[in-house]
Amino acid sequence: MRKVDYYEILQIIKRSGENGILQSNLWKEIKATSKEGSRITLKLVRSGLIRRKRELYRGKWTYRLIPEKLPVNFDSLFDLPCTFCPDQERCGETKYITPEKCEKLTSYLMKNVKE
Ligand code: SF4
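What comes next is a walk through the structure.

What counts and how
Residues numbered from 1 in each chain as written. Predicted model: local features only at pLDDT ≥ 70, side-chain atom pairs only at ≥ 80, totals over all residues. Heavy atoms only, no water. Helix = DSSP H or I, 4+ residues; strand = E, 2+ residues; numbered from the N terminus. Buried < 20%, exposed > 50% of the residue type's maximum accessible area, 1.4 Å probe, protein only. Contact = heavy atoms within 4.5 Å. Areas by Shrake-Rupley, 256 points an atom, 1.4 Å probe, with all protein chains shown as cover. Axes fitted to C-alpha atoms, helices over the stretch in contact; angles between N-to-C directions. Parallel < 35°, antiparallel > 145°, perpendicular 65-115°, else oblique. Nonpolar A, V, L, I, M, F, W, Y, C, P; charged D, E, K, R; others polar. Expected span 1.5 Å × (residues − 1). Arc of directions from axis to C-beta.

## Side note on the overall build of the protein chain
Item 1. Broken down by element type, the protein chain carries four helices and three strands.
Item 2. Counting across all 115 residues of the protein chain, residues that qualify as buried make up 41%.
Item 3. Taking contacts inside the protein chain between residues at least 6 apart in sequence as the whole, the part at least 24 apart equals 55%.
Item 4. With an accessible surface of roughly 7,400 Å², the protein chain has 52% of that area assigned to carbon and sulfur atoms.

What follows is the structure, given as C-alpha coordinates:
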(Lines give C-alpha, C1' and ligand atoms only; values in the text may rest on other atoms or scores of the structure.)
Protein backbone atom coordinates (compact mmCIF):
# COMPACT_ATOMS: atom_id res chain seq x y z
CA MET A 1 0.00 0.00 0.00
CA ARG A 2 1.21 3.48 -0.72
CA LYS A 3 1.49 6.12 2.01
CA VAL A 4 -1.54 6.07 4.29
CA ASP A 5 -3.65 9.08 3.45
CA TYR A 6 -6.31 9.32 6.11
CA TYR A 7 -8.01 12.18 4.34
CA GLU A 8 -8.42 10.07 1.20
CA ILE A 9 -9.70 7.13 3.22
CA LEU A 10 -12.22 9.31 4.99
CA GLN A 11 -13.37 10.68 1.66
CA ILE A 12 -13.94 7.16 0.34
CA ILE A 13 -15.98 6.28 3.42
CA LYS A 14 -17.85 9.58 3.17
CA ARG A 15 -18.71 8.92 -0.47
CA SER A 16 -20.26 5.62 0.59
CA GLY A 17 -22.93 7.66 2.36
CA GLU A 18 -25.23 6.42 5.08
CA ASN A 19 -24.94 2.82 3.92
CA GLY A 20 -21.20 2.81 4.45
CA ILE A 21 -18.73 0.52 2.76
CA LEU A 22 -17.67 -3.02 3.52
CA GLN A 23 -14.19 -2.94 4.96
CA SER A 24 -12.93 -5.48 2.45
CA ASN A 25 -14.04 -3.22 -0.41
CA LEU A 26 -12.29 -0.26 1.16
CA TRP A 27 -9.10 -2.24 1.59
CA LYS A 28 -9.20 -3.27 -2.07
CA GLU A 29 -9.69 0.34 -3.09
CA ILE A 30 -6.73 1.59 -1.06
CA LYS A 31 -4.68 -1.52 -1.87
CA ALA A 32 -4.20 -2.47 1.77
CA THR A 33 -3.86 -5.89 3.31
CA SER A 34 -6.47 -6.84 5.89
CA LYS A 35 -3.88 -6.26 8.64
CA GLU A 36 -3.04 -2.77 7.36
CA GLY A 37 -6.68 -1.97 6.71
CA SER A 38 -7.71 -3.04 10.19
CA ARG A 39 -5.05 -0.86 11.76
CA ILE A 40 -6.17 2.16 9.75
CA THR A 41 -9.87 1.70 10.31
CA LEU A 42 -9.43 1.04 14.04
CA LYS A 43 -7.58 4.33 14.32
CA LEU A 44 -10.46 6.08 12.58
CA VAL A 45 -12.98 4.30 14.81
CA ARG A 46 -11.05 5.27 17.94
CA SER A 47 -10.96 8.86 16.69
CA GLY A 48 -14.73 8.83 16.39
CA LEU A 49 -14.68 9.58 12.68
CA ILE A 50 -16.31 6.34 11.61
CA ARG A 51 -18.16 3.46 13.21
CA ARG A 52 -18.11 -0.23 12.40
CA LYS A 53 -21.25 -2.29 12.09
CA ARG A 54 -20.94 -6.07 12.15
CA GLU A 55 -22.55 -7.69 9.14
CA LEU A 56 -22.95 -11.14 7.65
CA TYR A 57 -21.84 -10.91 4.02
CA ARG A 58 -21.77 -13.95 1.74
CA GLY A 59 -21.76 -16.26 4.75
CA LYS A 60 -18.89 -14.50 6.55
CA TRP A 61 -18.91 -11.97 9.34
CA THR A 62 -17.32 -8.69 8.41
CA TYR A 63 -17.70 -5.01 9.20
CA ARG A 64 -19.36 -2.18 7.39
CA LEU A 65 -17.62 1.17 7.86
CA ILE A 66 -19.98 4.10 8.22
CA PRO A 67 -19.01 7.77 8.43
CA GLU A 68 -19.71 9.13 11.89
CA LYS A 69 -18.68 12.70 11.74
CA LEU A 70 -17.20 14.12 8.61
CA PRO A 71 -14.50 16.50 9.71
CA VAL A 72 -13.12 17.92 6.54
CA ASN A 73 -14.32 20.34 3.99
CA PHE A 74 -12.28 21.83 1.20
CA ASP A 75 -11.07 24.76 3.31
CA SER A 76 -9.76 22.47 6.00
CA LEU A 77 -7.32 20.95 3.51
CA PHE A 78 -5.10 23.89 4.34
CA ASP A 79 -5.17 22.82 7.98
CA LEU A 80 -4.30 19.22 7.19
CA PRO A 81 -0.76 18.85 8.52
CA CYS A 82 0.30 16.63 5.62
CA THR A 83 -0.50 19.27 3.00
CA PHE A 84 2.61 21.34 3.68
CA CYS A 85 4.56 18.94 5.86
CA PRO A 86 8.33 19.17 5.43
CA ASP A 87 8.59 15.47 6.32
CA GLN A 88 6.35 14.25 3.48
CA GLU A 89 9.23 12.64 1.60
CA ARG A 90 10.37 10.75 4.69
CA CYS A 91 6.89 9.72 5.80
CA GLY A 92 5.20 6.48 4.87
CA GLU A 93 4.11 3.05 5.99
CA THR A 94 7.62 1.60 5.67
CA LYS A 95 9.61 4.72 6.41
CA TYR A 96 11.14 6.15 9.57
CA ILE A 97 8.21 8.52 10.09
CA THR A 98 4.78 6.93 9.84
CA PRO A 99 1.33 8.57 9.79
CA GLU A 100 0.20 6.20 12.51
CA LYS A 101 2.77 7.59 14.92
CA CYS A 102 2.56 11.18 13.74
CA GLU A 103 1.50 13.49 16.54
CA LYS A 104 0.63 16.28 14.10
CA LEU A 105 -1.82 14.08 12.20
CA THR A 106 -3.29 12.56 15.36
CA SER A 107 -3.81 16.02 16.84
CA TYR A 108 -5.47 17.18 13.63
CA LEU A 109 -7.85 14.22 13.62
CA MET A 110 -8.67 14.63 17.31
CA LYS A 111 -9.27 18.37 16.91
CA ASN A 112 -11.72 17.76 14.09
CA VAL A 113 -13.60 15.20 16.14
CA LYS A 114 -14.15 17.78 18.87
CA GLU A 115 -15.32 20.52 16.48
S1 SF4 B 1 4.84 13.37 9.20
FE2 SF4 B 1 2.71 13.53 9.84
S3 SF4 B 1 2.04 15.46 9.01
FE4 SF4 B 1 3.88 14.92 7.94
S5 SF4 B 1 3.21 13.84 6.11
FE6 SF4 B 1 3.58 12.32 7.70
S7 SF4 B 1 1.60 12.00 8.66
FE8 SF4 B 1 1.49 13.91 7.54
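Here the narrative resumes.
## Describing the packing of helix α1 (residues 6-15) against helix α3 (residues 34-46)
Item 1. Contact pair α1 / α3: the axes reach a minimum separation of 12 Å and the direction vectors enclose 80 degrees. Here α1 lies roughly perpendicular to α3, going by the angle between them. Of α3, the residues touching α1 (which contributes Y6, I9, L10 and I13) are I40, K43 and L44.
Item 2. Within the contact of α1 with α3, the residues separate by chemical class into six nonpolar, no polar and one charged.

## Structural notes on the environment of D5
Item 1. Position of D5 among the secondary structure elements: in the segment before α1.
Item 2. Sequence-wise, D5 and G92 are 87 residues apart; in three dimensions their C-alpha atoms are separated by 9.3 Å.

## A word on α3
Item 1. For α3, which comprises 13 residues, the first-to-last C-alpha distance of 18 Å matches the rise-based estimate of 18 Å (1.5 Å per residue) to within 8%.
Item 2. Buried residues of α3: E36, G37, I40, T41, K43 and L44, and no others. Taken down its axis, α3 places every buried residue within 150 degrees of arc, on the same side. Opposite its buried face, α3 presents the exposed residues K35 and R46, each directed more than 90 degrees away.
Item 3. Looking one or two residues past α3, G48 carries a phi angle of roughly 80 degrees, positive in sign.

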